[in-house]
Amino acid sequence: MAWNPSFLRAFQLLLVIRLFSSLFSNISDCDETFNYWEPTHYLLYGSGLQTWEYSPAYAIRSYAYLLLHAFPVAAIATKQKYIAFYLIRILLAVISALSETYFYKSVLVKFGSDVACWTLLLLVGSCGMYIAAAAYLPSTFAMYCTMIALGAWFQRRRKIAVTAVIASALVGWPFSIAIGFPVFLEYLYKRPRSVIIWSATCFIFVAVPLIIIDSYFYGKLVFAPLNIVLYNIFSGRGPEIYGTEPWSFYFKNMLLNMNVVFLLALVSVVVITIRVMYRVIQNLDPFHMRSDRWFPAVVSLLIWILIFFTQAHKEERFLFPVYPLFCLAGAVSFQLFKDVLVELSLTVKVIFIIKTFIRPLYKWLPYMICLIHSGISISRGCALYSGFHASLDIYYTLRYPHMTSAIKGLTEVNVCVGKEWYRFPSSFYLPGQQWHLRFIQSEFRGQLPKPYLESTSIIPSDMNDRNTEEPSRYVSNSTTL
């Protein structure tokens, strides 16, 4: 009998792990710091660093997304700014736990108790989910929406599924709409008119407030999701100027963050896809794939792999939206393996001793793999903390009494960084408004952010969308702490 806790029990279990993540996980991407924490700090405290993406000349980031996180803590944002930092992270942890619990219960409805149990255990024990759950990134928001959208799809809740896909694409990350392709295709096949009407309604209700908020902050008419698509696909520059990686990048990354689950998920994706394609070819009916019980569990993951694994520019955060789907696909692989063993145990040619061995194998092997997966993930999480948490610890010491007393009476304190500027955890870690981050010239030759002006609608000078170095960012004579 599989272990299937109630919604509340599953939520409590996931919440403990996600709260731990919000308090102890690193900031693994400098984009999180400078494109989300810094502008949020500006919204809350009136100062922060601005990247070229937030210049009104380009406007490819949305202030509406920032307000969703800043508004809940605005009323209790205190002079202890790092408290606001962790309150936002805790908010993200709670949302993640709720989304994961909904996803788990939906898997229970669609695929049964065994797959649901294994999916929950893999979510709990995944280092990838631990990293992504409390990250302040649109791809994390897209991950929440993915779990809600596919969970609603599994439960045949059409309106919730469509709404979550549209919210993911407009509020979070436009490219996450690829995950929702199967949802839209099935609903368009079954109920085209109602789906089109509901999709258009949701689009308007989400897009209009988005346009109003961003146009207010940028001082002109702006639709940020469209701008980011135009820049990345049609501008001729795109993300490749920030670096490219070989085909093996995501495989190495997934082996680190998802370990054995990644391999199991790939097996289930390949096996199920081949089986479905064989049936489609035999029946000459492209919609025959809907008859395969397991295809809905892997189809969105398959689409994501085909799109993003083939891109030259690769980043770990691009995989965040499908981390839960890797857990589900891994759980499905257990079921496929179990089905094979059951068939084998029923074969007359199999001797009694082998049958006796097979039955406990398919009963306990999935739980053993879940345990191994969790053990490797814990090891990975501890290694990340011990090896990369120092930057948060060091900046936290700036608020120690002996540091604050040493600069007492100064109207301005400059904290200068060189080539390790990307380790700066955000202005939330600077003790007061007189503290400022400054850059000194180093081996880095890309574009760095600059302090916000008095208004977000003012176009800052010396900014470009080509990642070209701007010498005006550097200071030469500053007090270094």
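This write-up is about the structure you can find in this document.

What counts, and where the lines are drawn
- Residues numbered from 1 in each chain as written.
- Predicted model: local features only at pLDDT ≥ 70, side-chain atom pairs only at ≥ 80, totals over all residues.
- Heavy atoms only, no water.
- Helix = DSSP H or I, 4+ residues; strand = E, 2+ residues; numbered from the N terminus.
- Rg over C-alpha atoms; globule rule 2.2 N^0.38 Å.
- Buried < 20%, exposed > 50% of the residue type's maximum accessible area, 1.4 Å probe, protein only.
- Contact = heavy atoms within 4.5 Å.
- Areas by Shrake-Rupley, 256 points an atom, 1.4 Å probe, with all protein chains shown as cover.
- Lys, Arg positive; Asp, Glu negative; His and termini not counted.
- Charge placed at Lys NZ, Arg CZ, Asp CG, Glu CD.
- Polar contact = N/O pair within 3.5 Å; in protein donor to acceptor, adjacent residues only side chain to side chain.
- Phe/Tyr/Trp six-rings, centres within 6.5 Å; stacked < 30°, edge-to-face > 60°.
- Lys NZ or Arg CZ within 6 Å of the ring centre and 35° of its normal.
- Bend = angle between axes of the 7 residues up to and from the residue.
- Salt bridge = Lys/Arg side-chain N within 4 Å of Asp/Glu carboxyl O.

1. Re the overall build of the chain
Across its full length, the chain carries 18 helices and four strands. Compactness check: the chain gives a C-alpha radius of gyration of 24 Å against a globular reference of 23 Å for 481 residues, within 12% of the reference. In terms of overall dimensions, the chain has a C-alpha envelope of 85 × 50 × 40 Å along the principal axes. Across the 481 residues in the chain, those meeting the buried criterion constitute 54%. Long-range contacts, defined as pairs at least 24 residues apart, comprise 76% of the intrachain contacts of the chain with a sequence gap of at least 6. For the chain, the exposed area adds up to about 21,900 Å²; of that, 67% sits on carbon and sulfur atoms. A gap of 11 Å separates the mean positions of the 39 positive and 26 negative side-chain charges of the chain.

2. Here's the deal with the environment of Ser168
When you line up the elements, Ser168 lands in helix 8 (residues 158–172). Here Ser168 falls in the buried class, since its relative accessible area comes to 4%. Aside from chain neighbours lying at most four places away, what touches Ser168 is Phe141, Ala142, Cys145, Trp173 and Ser176.

3. Points about the side chain of Asn414
Checked against the element boundaries, Asn414 lands in strand 2 (residues 413–417). The exposure class assigned to Asn414 is buried, which follows from its relative accessible area of 11%. Here Arg438 takes part through its side chain, which lies 3.1 Å from a polar atom of the side chain of Asn414.

4. A short note on the packing of aromatic side chains
The tally for this structure, following the rule as stated, stands at 48 aromatic pairs. When the ring of Tyr216 is compared with that of Phe217, the centres are 5.2 Å apart and the planes differ by 85 degrees; the resulting orientation is edge-to-face. Tyr216 gets classed as exposed once you look at its relative accessible area, which sits at 66%. Ring geometry for Trp247 versus Phe251: centroids 5.6 Å apart, planes at 70 degrees, classification edge-to-face. Linked through ring pairs, Tyr36, Trp37, Tyr45, Tyr65, Phe85, Tyr86, Tyr136, Phe141, Phe428 and Tyr429 together constitute an aromatic cluster. In this structure, Lys81 packs its charged tip against the face of Tyr45, placed 5.9 Å from the ring centre.

5. Comments concerning helix 2 (residues 30–45)
By the largest-angle criterion, Trp37 marks the main kink of helix 2, which is about 30 degrees, and a proline, Pro39, follows within four residues. Buried residues dominate helix 2, accounting for 14 of its 16 residues. Of the residues one or two after helix 2, Gly46 is the one with positive phi, at around 85 degrees.

6. Digging into the pattern of salt bridges
All told, the structure shown has twelve salt bridges when counted by the stated rule. Glu100 is paired through a salt bridge with Arg18; the nearest N and O atoms lie 2.7 Å apart. Taken as a pair, Glu100 in helix 4 (residues 81–111) and Arg18 in helix 1 (residues 7–24) lie far apart in primary sequence, 82 residues in all. Judged by its relative accessible area of 0%, Arg18 is buried. Of the charged contacts, one joins Arg317 and Asp29 as a salt bridge, the two residues approaching to 2.9 Å between their closest N and O atoms. Placement of the pair is Arg317 in the loop between helix 14 (295–308) and helix 15 (323–345) and Asp29 in the loop between helix 1 and helix 2, with a sequence separation of 288 residues.

Fair warning: the whole summary comes from geometry, so function is off the table for now.
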